Each structure stands twice: as C-alpha cells, then as structure tokens.
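Listed below are the residues making up each chain.
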6 protein chains.
Amino acid sequence: MRPSGRAADQLRPMKITRNFTKHAEGSVLIECGDTKVICTASVVPGVPRFLKGKGQGWITAEYGMLPRSTHSRMDREAARGKQGGRTVEIQRLIGRSLRAAIDLKKLGENTITIDCDVIQADGGTRTASITGGFVALADAVKTLVEAKKIKENPIVTQIAAISVGVYKGVPVLDLDYPEDSNAETDMNVIMNDKGGFIEIQVTAEGAAFGDEHMLGMLAVARKGIAEIIELQRQALFSEAK
Amino acid sequence: MRPSGRAADQLRPMKITRNFTKHAEGSVLIECGDTKVICTASVVPGVPRFLKGKGQGWITAEYGMLPRSTHSRMDREAARGKQGGRTVEIQRLIGRSLRAAIDLKKLGENTITIDCDVIQADGGTRTASITGGFVALADAVKTLVEAKKIKENPIVTQIAAISVGVYKGVPVLDLDYPEDSNAETDMNVIMNDKGGFIEIQVTAEGAAFGDEHMLGMLAVARKGIAEIIELQRQALFSEAK
Amino acid sequence: MRPSGRAADQLRPMKITRNFTKHAEGSVLIECGDTKVICTASVVPGVPRFLKGKGQGWITAEYGMLPRSTHSRMDREAARGKQGGRTVEIQRLIGRSLRAAIDLKKLGENTITIDCDVIQADGGTRTASITGGFVALADAVKTLVEAKKIKENPIVTQIAAISVGVYKGVPVLDLDYPEDSNAETDMNVIMNDKGGFIEIQVTAEGAAFGDEHMLGMLAVARKGIAEIIELQRQALFSEAK
Amino acid sequence: MRPSGRAADQLRPMKITRNFTKHAEGSVLIECGDTKVICTASVVPGVPRFLKGKGQGWITAEYGMLPRSTHSRMDREAARGKQGGRTVEIQRLIGRSLRAAIDLKKLGENTITIDCDVIQADGGTRTASITGGFVALADAVKTLVEAKKIKENPIVTQIAAISVGVYKGVPVLDLDYPEDSNAETDMNVIMNDKGGFIEIQVTAEGAAFGDEHMLGMLAVARKGIAEIIELQRQALFSEAK
Amino acid sequence: MRPSGRAADQLRPMKITRNFTKHAEGSVLIECGDTKVICTASVVPGVPRFLKGKGQGWITAEYGMLPRSTHSRMDREAARGKQGGRTVEIQRLIGRSLRAAIDLKKLGENTITIDCDVIQADGGTRTASITGGFVALADAVKTLVEAKKIKENPIVTQIAAISVGVYKGVPVLDLDYPEDSNAETDMNVIMNDKGGFIEIQVTAEGAAFGDEHMLGMLAVARKGIAEIIELQRQALFSEAK
Amino acid sequence: MRPSGRAADQLRPMKITRNFTKHAEGSVLIECGDTKVICTASVVPGVPRFLKGKGQGWITAEYGMLPRSTHSRMDREAARGKQGGRTVEIQRLIGRSLRAAIDLKKLGENTITIDCDVIQADGGTRTASITGGFVALADAVKTLVEAKKIKENPIVTQIAAISVGVYKGVPVLDLDYPEDSNAETDMNVIMNDKGGFIEIQVTAEGAAFGDEHMLGMLAVARKGIAEIIELQRQALFSEAK
C-alpha cells in the first residue's frame, strides 16, 4: 500500500558512516533510504557573547541543502544572500534537539557547531540531520574528553528523530518524498533514549486530525525511535574512531 | 500557585477589538492579559508567481515585534536588515494555520496578508496572533463577498490557538511570561471549531516529557480553545463592521 | 474650504497618552486626528563607540510604519531587508530634533532610543513622532533622575513639531493626508518652548514658493507649536507617572 | 573673520567643466573651492514601474563619495553592502530638486539618472551636486532634442543650490568645511532662476535660531544663487558641446 | 622530496564517479587524493535576460565549500549573507572554462548550471571542480540529446584543469594542501583535449618568478592534463549512464 | 591595423598625476589613453584581526567604477547592496599585486588601503589601477617614513601591470576597449622592476591558444612593462610631493 512497499511501521534502511570526512571532530554520513546528509561537528573554544562568563558551553546547528539535492534545482542560499524560512526553522529545531543531549555545564566554555548538509533529499532530511548530528556530536565530545579538555563526558542521553504521518488514513513511519507530499498529516518526533519526548511538531496538511491519529502516529514513532537509538548505539560502539 | 493566581485551566482575560485601525480590510487588536497584538488583513488582487493560473488564492502572514514591546529593547529587524529566526518561524506558523481556515479555490486569485505586530509582549504572542489574525481574516473576506468580488464565503472553519505548558509539574493553560520562562514544557496548539487539530508544537525546556503530560496539556488546551472559539464568535457577531 | 472643515490655523484634535505600554521607560501614544504613533523611549547604559570616554550621553531615534498603517499595504521593511529612503530621512530628523532637548553632558554615559512606530497614518507622522517622542523622552529621563543614576534633569527645553503647507494658495496648519497630497508647498517645523527654531524643511510640491508663503507658513506654524507645547505640558503635569 | 578670508556674502571660486567624461549624455565636473563633484546625466528609454503608461518621464539621482574624498577614509558603501543614511537623504534631495527643472510630460517616457560622485570634499557637496547636476541634465536633455527623440525642450527653469549658515553670529554664504563644522546654523537653499524657492532645509547645530537669522541667511543665499545661476548660464552657452 | 612522496610530475590518485546523486541531469563525485567535490549539472529551459532571443544557450557555475570541508570551520556563506571574494573568483573561472567546451548556439535556449560543492578540501578544489564539472556537463548534455531537445551534441572539446607550482625550486604537479601553502609560485592551468590553453592563472606567492619556472610549470601541467583528459574519457565511456 | 592606428607593441599615452586630491596620503590620477582611474592610498594605524600581534602591516585594495564610466550606465554597487563578481575579482588582484611591492614587516602595524575608482573606462582599468596604485602607495609610504612612524622604507620593488592580447592573430600591447571586446586572447601581466613576474592571467576568448601566442604576448608585455616602470620612476622623481 505504501509507494515503497514498506510495512506501515517499517523504517527505510538506515546507514550511519562515521569519520566520513577527515577534518571535523565528528563527521557522519547518514543515509535513510535515498536521503543522504553529511553531519559534521566542529569544536571551537569559547562561547557566544550571551553566555560569556556563565561557565557553560553551547551547541548550535546550521542546515543547508546542496542546490541540486532536490528534484528541481533550488537557488543557492549563499548566492541569494539569505537563508530561507524553512532552512532557519530546521536549523533551530536541530540545535534545540541536540542541546537536550548535553549537560552544557560539563561541556565547559566550548561551542560545538553541527553542520547538516543534505546532498540528496528524499523526505525526512530534518530528522535524519538530528539522528546523524547526534552521532557526530558524540564523536566530537569524545575528542574533548580524550584531549582532557573536559573532565567528564557531558552527554546525558542519546537523541534521535523520525518523521511519521497519516497516509491514506493510516499512520506510517519514516515518510519518503512520495508519501510526504501526499500525507494528510505530517509529524516530526524527537525523543531521547529513555523514551521521553524532546520535541513534537505535527501539522495537518489538509483536514484537521484528531486524537486517534495523534496517538497512532506517536505509537509508530516510538517504535521507530527505539530502532534508531539502537542503530546509533551500534554505530558508536563499532570499531573505535 | 500560578504567579497570576489563575486556576490551572483558566485563560487570561481576552479582548478582541475589531476595526482597530481604519485602512485595512480587517483590523483587530487582540489583548490576552498584557499581551497586545495588532492583526491586520490586507487584500490584494493576484497571487504569488508559484500559484499563477491555478485558479486559487493565497493567505500569507508576517510577524513583528515593536522593539520595546519586550522587557529589554530588541534590535529593530528593519534596521538590522534581516528578520531573526524566531520571527521567521512564527510567521510561517501563522500563515500555515490560517490557510487551514479557507478554501483557497473559493478565494479566487486574491492574496490576503495577515500582519501581526506585537505592541506589548507578555507570553503567547504567536497564539494571540493566530487567534486575532483569524478575526481580521474573516473581516477581510467579508469585504470581498460584499463587494461581490467572490461569490461564496471561502471560510470553512474558525481557527484558534493557545499556549499550554507544564509548570511546577502541572499542565496549565495560557502561559504568561513569568510562567513561560519557567515552564518545563511548552506547547502551542492550533485547532479548528470542530475540535480538530491543525498544528501542535511541543518542546521540552529541560527534562523530556512523557505521554501523561502530553495528554494533560492537550486536555487543558482543548478546554481553552473552546472558550476562545466562542470569544471569536461573539466578536464577529457583535454589531456589524 | 479645508477638506476637514478646519480653520486655516486650526490643529486637529491632539491626544497624548502616557504609559501606553508597560515595559518602556517612556511610552506615549500620540493621536493627531487619525494619525496614531506609539513613541517609546528606552534607556540603556553606555554610549555608541564614537562617544566612548567623552563623558556624555546620546539620543537616537528609529521610525517605522506598520505595513497596513497606510491606505495600501506597504512592504514590511524587515522582510525586504532594508529601510527605505523616506524612513531613514525621517528617523534622522527625529533624532536630531530630540537631541536639541537635552544637555548630553548631564545625561551621563546613557543612550536613549526613541522608537516611533506609526500604527495609523493620516499625514504628519514625522512631526507627531517628534512631539510624542519628546514626552516619552521626558518620562525616560525622569526614571534616571528618580533612580539617582543622574544628578540633574538634563532636559533644557521642550521640543515640538508641526507640518504646515500652502493649500489652495493659503497657508494652513497641520496637514492631514488629503491636504498633504494636494498641497503646493509642504513644510515641517521643529521648535523649542522659547519660540526658537530647531529645524525647518520646506519643499515646493509643484511651483516654487516665495517669501510671502514662507512667512505665512511660519506664522501658522508658530501658533500651532505654541498650542502643542502647552498640550505636552499638560500631559507631563497630569497625574504622575 | 572667515577662515578663508572671504567676505560674508562671497562665494568660493566656482568652476563648471562640461563634457568632463566621454560616455555620458551629460557630464560635468563642478568645483566649488576644494569641493569637487563629477555629475553625469544618463538617459535610458522607459520609466520605472510606478510611472508605466502615464506618458511622462522621470528624473532620479544617486550620490556617492569616493572613500578618500574626505579627511579620514570612510568605508566604501558598496563593500559595506548598503548606503548610509546621509547618502540616502542627499540623493533624495538632489532628485526632488532637479525634477523641479523639468516638465516631465514633455520628457516623454525617458528616465534620466543624475550620478553625483564626490572626488574631493570640503563642505557643500550636496548643493554643488544640485548645481552641477542641473548642467549635466541640461546637456542630456539637449541630446534627446537633437536626436529628435522628444519634440520640445522640457526644461522649464534653471535650478541652483547653495549652503549658507550662521558663523560667529553672522550669516555667511557657501560654507567650507572649517566653517561647516563650527557653524551655529546650517541651511541648504535650492532656488530656480526666477528667485523662487524649491526647497529649504535649516538645522540648528547648537542653540535654536530666530527669524532674524533666518532672514539673514535667506538674503545671502538669494545673492549667491543669483551669481550661480549666471555661472550655469555662462557654462551652458559657452562653446557648443 | 614532496611531502606526499610523489614524483614531481605525478598526479594524486583521481577517481571520477558518475551518477553520484540521483536528481541531477549530470552528477559527479571527483576525488583527487583527499580533495572531494560533488559536481552536478542542472538543465533548465530558457536563458538569462541578457541572452533572450539570441538563439543560444548558457553555461554558468556556482561553487561552495561545506563549512567543515577545511581544517578549521569556515563561516557558512548562506548564514553570513554573502559569498566571499574567493568563492566568486572561483565560480567565475569554472563558468568561463566550461563555456569553452560547448558550442552555445547548438545548445539552444537552455541553461546548464554547474554546482561544485567541496565536501573535503586538500588543495586543488577549483581545478577538480572544472575537471569533474566537465563530466557532469557531458552527462547533462547527453540527456538533452537523448530527449531530442537539441539536435546535435554541442560539446566541441573536453576541458580539464590542474594546479601546478614551484615547490622548493622545482616545478611540481597537482599541489596538495601542504605543498600549496608552501609553494613559491602557484599556477592553475585549464586546457582542452587538443592541448590548447583555455585559461592560465599564475601567482607568485613570495619572490617573483621568471620564464624558466613558467615554462617548467607549463610542461608538467601539459603532462598532467593529458592524463586527466584520458581519465575523463574512461569515465565517460564506462558503462552507460 | 589596430583600430587606434598604434603599432602592435605601442602603449597608449600614459599620464600619471600625483597629489590629485588633497586628503589622501597618496593620490594619483592615471590616464592610459581614455581610461582614467583615481588611485588613493590611505594609511591607518593597526592591522586586520587576522594579523594582530604578528608585527607586520597590511596592504589591501578596493575597486569601483563610477556608474557612467562606461558606455551604458551600470547599476551603482552601493545601491544594489553588493559588489559584483568582476569587482571582487579585480580588487583581490590589485591587493595581491601591490603586496608584492612591500616588505610587510618593515611597514609595521599599519594598514594601507588602495582605492581605485574608475572615472572613465576604455579598456585596461585593472592594470591601470595597479600601475597607478603603486605610485599612490609609494607616496603614502613616504609620509610614514617622513613622519618617522617607520624606520626604513619598506618598498622592495616597483610593480607595474599591462594588458596584452591576440588581436587578428597578432600579439598586441595595451588593449583599448574596441580591441578588448574583439581580442581572441586576453592577458593581464603584473611584473616587478627586475623583470620578474608577479601574476599572469590569460583567458582564451574564443579558440584556445598555444605556446607561440603565449610567448608572443609575454614578449610585448615585457617591453610595455619596462616603459611603464620608467614612467612610474619619472613620476615619482618629479618635483617632490
């Protein structure tokens, strides 16, 4: 029934490749079906002005799509001279979500920037960015610990994200582009590794939705997140960096 | 227990003043406690390029805060030369929400812009903008019908919004600033007049939240929205424009 | 003979409401007929870089119009990414005019920003901004004196402004929009409470003008300013802030 | 008594060189003492969008200073990415003033842009721009007439400008930089060749000013403008272009 | 003697992967040692305004680096709101070079945009962009021919590029970052498949250089380009797209 | 055979006027035939952030064209809000070239900005800017030496530049606009006073070029540069500043 033939609660194949590029403290290629995002985590000593002297660190995120990551070429935001509204909205969501993974006090006065650059888009780029961004963040944090720049690992929980939706009346997991553009409702769920919610955004794409769809979507999301948390764990415990 | 002394499921006094300014097709001052937003709806014939020739209309929204609507003065976005990320995020939410009120086909090739300008902020400016924006939109649409520029009233449902949160462990309705800045979880709910959800955004401000808080917040939101829908109705049926 | 039926030297009804919003050190709603402007004065310790270490303060102004304060909706300057030429010209005039009210040495190293936001426009927004801005400035200065942050009140004079013009060959006071768009000559006059001129700008809108019109306009301006100075005084001496 | 030793009502030596550069339809170097401005007039068929189909032309102006035209180097506006407030204010004044020279109906659907670029500044750059810009405009208009693109010469009057001020209590003509930075009052006067005023801007630089100074400044301005009108005439009637 | 142990005239391993992403008409990953660039070619019907109605097509290029493609994180150009000078310089070079590959008349009124996005940088990103960009361009052109949108293949020659330099007094081929940052002279050479030069840019990084170094660099460049032309050919003739 | 009737290796008349404007530490008008550029050198104590504390100075350049320096009026870059790609490319070339003239250590922590503003363009504006910019730089450096702000003259060599090209199959020196727009190949050569190359940029404008044209162009360039070096010397040794 789904265009991809997947079961309603079935994830697309997800692959997390660490150390994808060589310069960043954390660098991950995350592939969720045909969606591919490079997530790098860059550590810089110091914090933004509004945090100066508060004895804590900061996590921030930036998001971009290569102009031809999508079906038709989009304008390059650097050439247009500003980031679009969707970009801004997404990078704020990634930053908020990943800050929930960290005890900022234990991070010390360091800033970690998560860059999420979509090289191929097929739905779910923002949730892939959060899931992959967490792994890059974990690797970057490890370099700080190993270099003894911070005493304790500041990560307090894993963070993972997935999109779900109502497609032809049925709650389905991990929308690809053909589903995403036809779904009646679209939900992005960000959770931690204890099953707690960090952020939920649900939008009716046509008709309003009710409690039963809400609960149905949350159920498939919960199942999907559990699998993703496990995939992150496997990636992080695979052969050391 | 709440700083304002309100009951957990009690709205702040809400006042909707129509025809607040004289030029706009729809002009509303909405006051939710100390939060005050001017919402105007402006009708222009024609549609944006991406809708040309599709035989439908468009609803869009812009949001701004007067520099000193807040406790400390913020930079004027026009002077800085760009809208901040929060502004962009909010105006996209207002636009999406209000488009759910309208059958865009019946609107014809007209564009209605909803401008929401906060003159005093005390929490809940984005939900006040949606609630007040709907009333301005309804007035603007009425001018089109009365001028016989469109045949049928394209409004399909009322749209209203409210913020809820978990404050000291308890789900509470309609956060003011002192609560908003201390809430554990913050939720914005947009609903129609049939009790259907249009959009929900929930963010954990510290610890993650679970299903029980989610359900508790939705319950108080549902109660609040029902009251707001009624207030909108009274405002719209009060002495004709 | 005037569209409004006023006498040639008659002001529109002017109303000055202090403490219009709650956060600003000075907050005034000024209404001149249908022209309505919110003027707030915000105090921040410190001065711009070019005044560092000179032992004096600074007064600056910013001006904006809500997009639908006018007959047709204007683009939002924050969304366009820059302030228009008219806006820049006006806010520079407001700043210059209000600096004449103050002994900047006595202000100490404090900066006061006057934000003038037009919520409804019907001619004369720049002069209303100056007149209302002075009252907001006076209130803001009082908070500094009362908090003993400065020793002496630095206000040296009241500042008020009015537009005048030649309409159908006759010098008239306080142009509203229908007159403004048909006047042969348009003059903005800024004066202090001793009858001294601070700034005068006169523009021929069609034919050039001569000395007699110049003197005629100055005479009605002088009369109008005297009345406005008195209205400011009443507003400021009304029940204490 | 004046730093330059000039009499109170004495202009600096003014030199107008036509055909200063070779590409523009009108190109003038104007020198007022050490102030040097290149004024070019460029003709382009067509009018801005807001004038389409109204059967008239348009005159607009742009102003710039070379970064080291002044005592200290200023930032290049093109590199900073925006024109400063002073620049915007000045180019709007030049445009308004020169439009008074022309019957826009007779200009047909043509746009003439006056570019005023200051290569050396010593006070009075905006008035020099207007005076020189008029001569460039006259030359550009002549090319349209000679090419028979318009039937009738649309120039209805000469336009000239000068700065005057009160310096050590005395009204003086044509301020150079040392006077300009010490004057008590600063006035820019734009007039036509019949002695009519086009625009007057007067600013108190310290104390307010009264009628007597106003009249004194206008008197010296009137004398100066008469001389400048004659200098423009000589320049324009000198050996044909 | 070279940090990499390569011979003076030895290229780094170069790998060209076609069809790297799925949406673009041409999509290539080019790897030159540790330098990795994604080059996509996007076809859009129509031409820029300045070519309208001339019966020809256009090739243009844009270049970007992911923020952490380099050793330290660079600011994201989209967030800063403008492309840096180096970016602009490089994308103009890529565009000029690739236009030499095509008979623009035979391309018809189509525009092909070559996007070159560096995901990992280790010297030579601009020449890798040109070499990889040509392959992407060839693939994109083939889709036009196969879809019978143009009659004839407009490609007139292969285009390839390489950097050379003088390192410790010796002309060397294909500088990696450690050499690039220490070279005395730095040259980028763009050639066609007949051994003709398309563009050469040489810069002395310290002392000036003479004819002998110039000729030495051109000789190693010529050898390297011949090898790259062959690698492009193999890539293009490998299993059909 | 050349449109101007010049011999293939003949420069246009070149005139270098020092002290062209009065404020800058170095100010030169360079005229190469009808190409006219004002080059000023401005000294400011201090260095950009990336050089702080390294005990050296910096040379940078900015380039601009007056809007009507060209045949048709170009948009003013300050009004458009950004510098075009060609401008950026040229000012980076000027800066790199002139830094080769100076021992930056001996310059001390001073920054010299070379502003090159084209007032009339007829081909070769970038090379004229470098040639004239060097003379302005030399004058500015002299003011530092004479004011004893630096001990030793940091100039290590003269720098001069010229354009050459292949026109109707023949290498020609110093292209004017009619040649430039028809040349088959276009080369800009920057050299020092010992005949060493600083930078060479060659671009095929149509067909590729081979070694013989390359060598032919370099030969005429070398001859031209020798003459220009001599003209710079004469200008600098003419009556003291």
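Residues numbered from 1 in each chain as written. Chains lettered and ligands numbered in written order. Predicted model: local features only at pLDDT ≥ 70, side-chain atom pairs only at ≥ 80, totals over all residues. Heavy atoms only, no water.

## Things to note about the interface of chain E and chain A
Each partner contributes residues to the interface: chain E has 37 residues there, and chain A has 37 residues. In this assembly, chain E packs against chain A so that about 2,800 Å² is buried in total across both faces, 50% of it on carbon and sulfur atoms. With a closest N to O distance of 2.5 Å, A:D115 and E:R73 form a salt bridge. Our enumeration of links across chain E and chain A arrives at 24 residue pairs in polar contact (both at pLDDT 80 or more). Of all the secondary-structure elements, those providing two or more residues to the side of chain E that touches chain A are β3 (35-45), β4 (58-65), α1 (77-80) and β5 (110-120) of chain E. No other element matches β5(E), which puts six residues into the side of chain E that touches chain A. (Contact = heavy atoms within 4.5 Å. Buried area = accessible area lost by both parts, 1.4 Å probe. Salt bridge = Lys/Arg side-chain N within 4 Å of Asp/Glu carboxyl O. Polar contact = N/O pair within 3.5 Å; in protein donor to acceptor, adjacent residues only side chain to side chain. Helix = DSSP H or I, 4+ residues; strand = E, 2+ residues; numbered from the N terminus.)

## Remarks on the pattern of salt bridges
Applying the stated criterion to the full structure yields 150 salt bridges over all chains. A salt bridge links B:R76 to C:D115; its shortest N-O distance comes to 2.7 Å. One end of the pair, B:R76, is in the loop between β4 (58-65) and α1 (77-80); the other, C:D115, is in strand β5 (residues 110-120), on a second chain. Taking relative accessible area as the criterion, B:R76 reaches 9% and is therefore assigned buried. C:D115 gets classed as buried once you look at its relative accessible area, which sits at 1%. (Buried < 20%, exposed > 50% of the residue type's maximum accessible area, 1.4 Å probe, protein only.)

## Quick look at the layout of surface pockets
Considered as a void within the structure, the second largest pocket measures approximately 470 Å³ in volume. Around the second largest pocket, the lining is made up of 17 residues, and of these A:W58, A:R96, A:R99, B:A204 and B:E205 lie nearest the centre. When contributions to the lining of the second largest pocket are tallied by element, the ones reaching two or more residues are α2 (85-99) and β9 (197-204) of chain A together with β9 (197-204) of chain B. It is α2(A) that provides the largest number of residues to the lining of the second largest pocket, a total of three residues. Residue composition of the lining of the second largest pocket, by class: eight nonpolar, five polar and four charged. (1 Å grid on protein atoms, 1.4 Å probe; cavity = no way out; pocket = protein on both sides within 12 Å on 5 of 7 lines; lining within 4 Å. Points joined across faces, edges and corners; volume = space filled by probe spheres on them. Nonpolar A, V, L, I, M, F, W, Y, C, P; charged D, E, K, R; others polar.)

## Some thoughts on the packing of helix α5 (residues 211-237) of chain E against helix α5 (residues 211-237) of chain F
At a minimum axis distance of 13 Å, the contact between α5(E) and α5(F) shows a crossing angle of 160°. Taken together, the axes of α5(E) and α5(F) lie roughly antiparallel to each other. Regarding α5(E) and α5(F), the two cross each other, and that crossing is right-handed. Here α5(E) contributes E:D211, E:M214, E:L215, E:L218 and E:R222 to the contact with α5(F), which in turn contributes F:D211, F:M214, F:L215, F:L218 and F:R222. In the contact of α5(E) with α5(F), the residues fall into six nonpolar, no polar and four charged. (Axes fitted to C-alpha atoms, helices over the stretch in contact; angles between N-to-C directions. Parallel < 35°, antiparallel > 145°, perpendicular 65-115°, else oblique. Left-handed = near helix turned anticlockwise from the far one by under 90°.)

## Structural notes on the UniProt feature "domain: Exoribonuclease phosphorolytic" (unreviewed entry) in chain A
All names here are of chain A. Taking the numbering used here, the UniProt-annotated feature "domain: Exoribonuclease phosphorolytic" (unreviewed entry) corresponds to residues 10-140 and 158-224. Structurally, residues 10-140 is divided into 27% helix and 32% strand, and its ends, taken at the C-alpha atoms, are 31 Å apart. For the annotated span residues 158-224, helix accounts for 27% and strand for 43% of the residues, and the straight-line distance between the end C-alpha atoms is 14 Å. (UniProt positions renumbered as here; feature names shortened; annotations may be inferred.)

## Some details on a positive patch on the surface
On the surface, A:R80, A:K82, B:R80 and B:K82 cluster together into a positively charged patch. Locating B:R80 in the fold gives a position in helix α1. (Patch = residues over 30% accessible without salt bridge, like charges linked within 9 Å, V, L, I, M, F, W, Y side chains within 5 Å. Areas by Shrake-Rupley, 256 points an atom, 1.4 Å probe, with all protein chains shown as cover. Lys, Arg positive; Asp, Glu negative; His and termini not counted. Charge placed at Lys NZ, Arg CZ, Asp CG, Glu CD.)

## Focus on helix α3 (residues 125-146) of chain D
All names here are of chain D. With 22 residues, α3 should reach 32 Å at 1.5 Å per residue; the first-to-last C-alpha distance of 31 Å fits that figure. Burial analysis of α3 places 18 of its 22 residues in the buried class, which makes it a mostly covered element. Of the residues flanking the end of α3, it is K148, one or two places downstream, whose phi is positive at about 55°. (Expected span 1.5 Å × (residues − 1).)

## Description of the relation of the copies chain E and chain A
With an RMSD of 0.0 Å, the operation that places chain E on chain A is a rotation of 180° combined with a shift of 0.0 Å along the axis. As the rotation angle and translation indicate, the two copies are arranged about a two-fold axis. Relative to the rotation axis, the C-alpha of E:A78 is the closest in chain E, positioned 1.8 Å from it. When you check the interface residues of chain E against chain A, 100% turn up at the interface there too, and the contact is symmetric in its surfaces. (Least-squares fit on C-alpha atoms with pLDDT ≥ 70 in both.)

## Re the state of the cysteines
Such a bond, covalent and formed between the sulfur atoms of two cysteines, is termed a disulfide. Residues and elements named next belong to chain D. The tally for this structure, following the rule as stated, stands at zero disulfides over all chains. Unpaired in terms of disulfides, C116 finds its nearest cysteine sulfur in C39, a separation of 4.2 Å. The buried category is assigned to C116, whose relative accessible area is 0%. (Disulfide = S-S within 2.5 Å.)

## Looking at the side chain of E:S163
Residues and elements named next belong to chain E. Mapped onto the fold, S163 is located in strand β6 (residues 159-167). By relative accessible area, S163 is classed as buried at 4%. A polar side-chain atom of S163 sits 3.3 Å from the main-chain amide nitrogen of L175. S163 has contacts with T127, L173, D174, L175, M187 and N188, leaving out every residue within four places of it along the chain.

## Thoughts on the pairing of strand β1 (residues 14-18) of chain A
All names here are of chain A. Only one face of β1 is buried, namely the one carrying M14, I16 and R18, since none of K15 and T17 on the opposite face is buried. The sheet contact formed by β1 and strand β2 (residues 26-32) spans five bridges and is antiparallel. In the sheet register, I16 faces β2, and the bridge partner there is I30. (Pairing = 2+ DSSP bridges.)

## A closer look at unusual backbone geometry
Residues and elements named next belong to chain C. For N19, which is not glycine, the phi dihedral falls at a positive 55°. For N19, a relative accessible area of 37% gives the class partly exposed. Non-glycine residue K168 carries a positive phi angle of around 50°.

## Topic: the UniProt feature "binding site: phosphate" (unreviewed entry) in chain A
Within this structure's numbering, the places UniProt gives as "binding site: phosphate" (unreviewed entry) are A:R86, A:G124, A:T125 and A:R126. On the basis of their most widely separated C-alpha atoms, the annotated residues across 41 residues gather in one place, lying no more than 13.4 Å apart. Looking at where A:R86 falls in the secondary structure, it is placed in helix α2. Residue contacts for A:R86: discarding those within four places in its chain leaves A:Y63, A:M65, A:T125, A:R126 and B:R92. The residue A:R126 is located in helix α3 (residues 125-146) in this model. Those residues in contact with A:R126 that lie beyond four places of it in its chain are A:R86, A:E89, A:I90, A:L93, A:I94, A:N188 and A:Q201.

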